[in-house]
Amino acid sequence: MSDLDVAYVARLARLELTAEETALFQTQLAQVLDHAARLREVDVEGIEPAALALPKFDVGREDEVRPSFTQTEALRHAPRAAHGLFIVPKVIE
Amino acid sequence: MTPLDLPGLTIVELQKLLRAREVSPREVLLALHERIESVDPGINAYLWRDLDAALAAAEAADVSLPLGGIPLAIKDAISVEGQPCTCSSKILQGYCGMFDATAISRLRAAGAVPFGRTNMDEFAMGSSTENSSVQPTRNPWDRARVPGGSSGGSAAAVAAGTALASLGSDTGGSIRQPAALSGVVGLKPSYGRVSRYGLVAFASSLEQIGPLTKTVRDAALLLEAMAGVDPNDSTSLDAPVPAYSSGLETDLRGLRLGLPKEYLSDAIDPEIRSAIDAAVAQFGSLGAEIVEVSLPHTEYAIDTYYLIATAEASANLARFDGVRYGFRAGENGGTVAVPSAALAGDDQTGTGQRPSLQSERSTSLFEHYARTRAEGFGAEVKRRIILGTYVLSSGYYDAYYLRAQKVRTLIRRDFSRAFEQVDALISPTTPEPAFLLGERAADPFRMYLADIFTNAANLAGICAISLPCGFAGAAMANPLPIGLQIMAPVLEEMRLLQLAHAFEQNTEWHQRRPAL
């Protein structure tokens, strides 16, 4: 059995869950994690982890100015904007 | 031929008519529009179309180009400038593409006309398209059943003849599985073959854009237009793009095909097993040599996949915060959720304040994020964010995520070893044909098992295709399509397409159409 605590992880993920969702996910994800516990059977001694399917390294681009969105374009989909800024709830009292 | 038959054609068939000036791109679009109007209300493959914009593009189309005047349906996860791009999620309600994905700009350069957004499981998380926040899509072969997912709208549109061809994305089978369940061709290119620039990110190390089509040759045409290195995707591969569509004819004699024994367990539907046996015999009669091979870590692929994919998703979906774009709780008449116990813990804002639960409005940034995400995401997306956050969290990273990455190395190694013995692998695409709507909605784990034969190709980065190879319940009122999967090494799409084309040329499964 895993010691997944859905309510705690939901806070880490910035996700508000109802009590029903918390209980449901607790049961459902425990089942997924119990199944995944089979990975402990696999001998991974000395095996390198694969972060990508086909690792590519040191990919860069020329350090040159390229066109990008204007301020107006960047704000086009903002749920709330004013004075050319994204408006968010007050962070500092 | 009446104009109404046009959408049921293949791209190759339609090209002949367009180039002979027997039809115009405008007539094609109007016929397609009419077909969608009459058929799609029973299927719900489409989320959005703009006929006028597409007509303007079609009228300017140069039919001598490789895809000149060909309309394409696009999965709602792929950005097209000026068209909605919502991933079938409430959190992206109202969002429109700010630029063309590289795959789209290349298809446009080849003359194609992006026409319509297709339904999907929210953020490509699902195997049935029931996780769409908008609507479920129905399987054109039996409307009581799912079309597969997550690219279910793209698959159903091609199967229903409401699209000439479409684009999907495949993170763990999301092109091949719906292609199999809907009876069309679906190709997942090798990781890096097609640029991911403009594909809304779910699991960046696994996913690829690819075509869903009526024939293998059509898939080859779309792939050769889209493939190639892209400075906007550092994982795209700098390798030459063969002329796939003109290299399909080949002699299979001397080719070695592997049958992975782990993919032919007792768990698969007996009718699928017989269809695969028949396909193997077909390849044998075409001169290929069939050998049994082993991919010993196959049974671990599904766990490895769900740990890695959800980990990446939890990071990728952190961007949906209701600040810069998309849905925001409490705005535009949106409802404000009642604060739950989940919020009443320690300070998580990093600002030195406790989240206030007194006000109806989101008074702290923490609440703003948590409520926006609570109201904007559907259940499956939340479930996967929780799982992914957990497997990356302190104390569990090594046991789950890191271990899964190591097993991923072993799964890749299985394929490398198999491909030392054989040129390609063949298997069923899915263990079962299309299931009933609602049948698995309450059982996420059972839904995950729908991808049991497709996950490994994404983990290994190899290319794979699904194509029609038979029907289950042939004596029933609504026989259901069966998919054959062929897998080939990285960047061996040419070989993959040649094998699939040879099979298609010698069978008639791809010619069947659902009665609509």
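For the structure, check the block above.
Here's what I pulled together on the structure shown here. Numbers given to residues run from 1 along each chain, matching the order in which its sequence is written. For this description, chains carry letters from A and ligands carry numbers from 1, given in the order in which they are written. Only residues with pLDDT of at least 70 get local features here, since the model is predicted, and only at 80 or more are side-chain atom pairs given and counted; chain-wide, interface and lining totals rely on the full set of residues.

**A few points about the overall build of chain A**
Where we set the bar: Runs of E in the DSSP output that reach at least two residues are strands. Runs of H or I that reach at least four are helices, and both are numbered from the N terminus. Here the radius of gyration uses the C-alpha set of atoms, whereas the globule reference equals 2.2 Å times the residue count to the power 0.38.
Along its length, chain A carries three helices and two strands. Each helix and strand of chain A, placed in order from N terminus to C terminus, yields the pattern α-α-α-β-β. Against the compact-globule benchmark of 12 Å for 93 residues, chain A has a radius of gyration of 22 Å, which places it well outside the compact range. With the principal axes as the frame, chain A shows a C-alpha extent of 55 × 45 × 25 Å.

**Digging into the pairing of strand β2 (residues 71-75) of chain B**
For a regular strand, the rule is simple: side chains alternate between the two faces of the sheet. All names here are of chain B. This is how it is decided: The burial criterion counts other C-beta atoms lying within 10 Å of a residue's C-beta, which is placed from the backbone; the residue is buried at 20 or more, exposed at 12 or fewer, and partly exposed between these limits. Pairing between strands requires that DSSP locate at least two bridges from one strand to the other. By convention, orient the strands away from the viewer: a clockwise path from the first strand over the helix to the second makes the crossover right-handed.
Counting buried residues along β2, five of its five residues qualify, which places the element largely inside the surrounding structure. Alternating residues of β2 divide into Pro 71, Ala 73 and Lys 75 and Leu 72 and Ile 74, and every residue in both groups is buried. Of the pairings in the sheet, the one linking β2 to strand β3 (residues 113-118) comprises four bridges and is parallel in character. If you follow Pro 71 over to β3, its bridge partner there is Val 113. Between the parallel pair β2 and β3, the chain is carried across by helix α4 (residues 102-109), and the sense of this crossover is right-handed. As paired elements, β2 and strand β4 (residues 166-170) share two bridges and run parallel to each other. Across the sheet, residue Ile 74 finds its bridge partner in β4, namely Leu 167.

**Notes on the interface of chain A and chain B**
What counts here: Contacts here follow a simple rule: the backbone-placed C-beta atoms of the two residues must lie within 7 Å. Under the scheme applied, nonpolar residues are Ala, Val, Leu, Ile, Met, Phe, Trp, Tyr, Cys and Pro; charged residues are Asp, Glu, Lys and Arg; polar residues are all the others, including Gly.
Residue-level contacts link 50 residues of chain A with 66 residues of chain B. Those elements that provide at least two residues to the side of chain A that touches chain B are α1 (6-12) and α2 (19-36) of chain A. Top contributing element to the side of chain A that touches chain B by residue count: α2(A), with 10 residues. Residues belonging to the side of chain A that touches chain B are distributed by class as follows: 33 nonpolar, six polar and 11 charged.

**Section: the packing of helix α7 (residues 216-226) of chain B against helix α15 (residues 493-505) of chain B**
Residue and element names in this part refer to chain B. The criterion, for reference: Axis definition: a line fitted to C-alpha atoms, limited for helices to the stretch in contact. Angles are taken between N-to-C directions and run from 0 to 180 degrees. Each angle gets one of four labels, with under 35 degrees taken as roughly parallel, over 145 as roughly antiparallel, 65 to 115 as roughly perpendicular, and the rest as oblique.
Interhelical geometry of α7 versus α15 gives an angle of 160 degrees and a closest axis separation of 9 Å. Considering their axes alone, α7 and α15 lie roughly antiparallel with respect to each other. Listed contacts from α15 to Val 216, Arg 217, Ala 219, Ala 220 and Leu 223 of α7 are Glu 493, Leu 497, Ala 500, His 501 and Glu 504. Among the residues making up the contact of α7 with α15, the classes are represented as six nonpolar, one polar and three charged.

**Structural notes on the pairing of strand β10 (residues 463-472) of chain B**
All names here are of chain B. Burial of β10 is extensive: nine of the 10 residues sit out of reach of the surface. Looking at chain direction, strand β5 (residues 185-188) and β10 are connected through three bridges and run antiparallel. From the neighbouring strand, Lys 188 faces β10, where its bridge partner is Ala 464. For β10 and strand β11 (residues 480-488), the ladder comprises nine bridges, and the chain directions are antiparallel. Its bridge partner lying in β11, Leu 467 is registered against Leu 484.

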